[in-house]
Amino acid sequence: VAGEVHLGEGDNGSQVELKRGQFLVLNLEGNPTTGYTWEAADFDDRILRQAGEARFTPDSGLIGSGGVQILRFEAQKRGQTDIKLVYRRPWEAVVEPQKNFSVKVVVR
């Protein structure tokens, strides 16, 4: 099954259904030049697999500009999992994340 389901920050707390082989693409605002990045903090990797590293698309060509961080996950097998992401500086593991994002994923 080909296809992608795109979600953004407005979808925080929602539920999405995927078929095996489909991709969940999360487009979340960020600015890695500040040291902050989105990272997957918790999900069942038997149901979803992160497909590659997060990518960043800047809003402009200006140095230090913000933009959108894109994370892709492939639906592996039937089931459901909550995927939780945090926006933080990776070296500040004991500090509360600046932002959180979560979605319930149901794979059919």
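Residues numbered from 1 in each chain as written. Predicted model: local features only at pLDDT ≥ 70, side-chain atom pairs only at ≥ 80, totals over all residues. Heavy atoms only, no water.

## Considerations on the confidence of the model for the protein chain
Logical step 1: For the protein chain, per-residue confidence averages 94 on the pLDDT scale, and 98% of positions sit at 70 or higher.
Logical step 2: Looking across the protein chain, the model is least confident in strand β6 (residues 55–58), with a mean pLDDT of 92, and most confident in strand β9 (residues 99–107), with 98. (pLDDT = per-residue confidence, 0-100. Helix = DSSP H or I, 4+ residues; strand = E, 2+ residues; numbered from the N terminus.)

## Digging into the nonpolar core
Logical step 1: Of all hydrophobic cores here, the largest spans 20 residues; its most connected members are Leu24, Leu26, Leu85 and Val105.
Logical step 2: Taken together, the elements giving at least two residues each to this core come down to β2 (15–18), β3 (23–30), β7 (67–75), β8 (79–88) and β9.
Logical step 3: The dominant element in this core, judged by the number of residues it contributes, is β9, at 4 residues. (Core = buried A, V, L, I, M, F, W, Y, C linked by side-chain atoms within 4.5 Å. Buried < 20%, exposed > 50% of the residue type's maximum accessible area, 1.4 Å probe, protein only.)

## Concerning the environment of Asn100
Logical step 1: As for its position among the elements, Asn100 is in strand β9.
Logical step 2: Measuring from C-alpha to C-alpha, the distance between Asn100 and Lys84 comes to 7.3 Å, with 16 residues separating the pair along the chain.
Logical step 3: Excluding residues that lie within four positions of it along the chain, Asn100 makes contacts with Asn12, Trp38, Leu85 and Val86. (Contact = heavy atoms within 4.5 Å.)

## Section: the pairing of β7
Logical step 1: Of all the 9 residues making up β7, 7 are buried; the element is thus mostly covered by neighbouring parts of the structure.
Logical step 2: As paired elements, strand β5 (residues 48–50) and β7 share 3 bridges and run antiparallel to each other. The partner of Gln50 across the bridge, within β7, is Phe73. (Pairing = 2+ DSSP bridges.)

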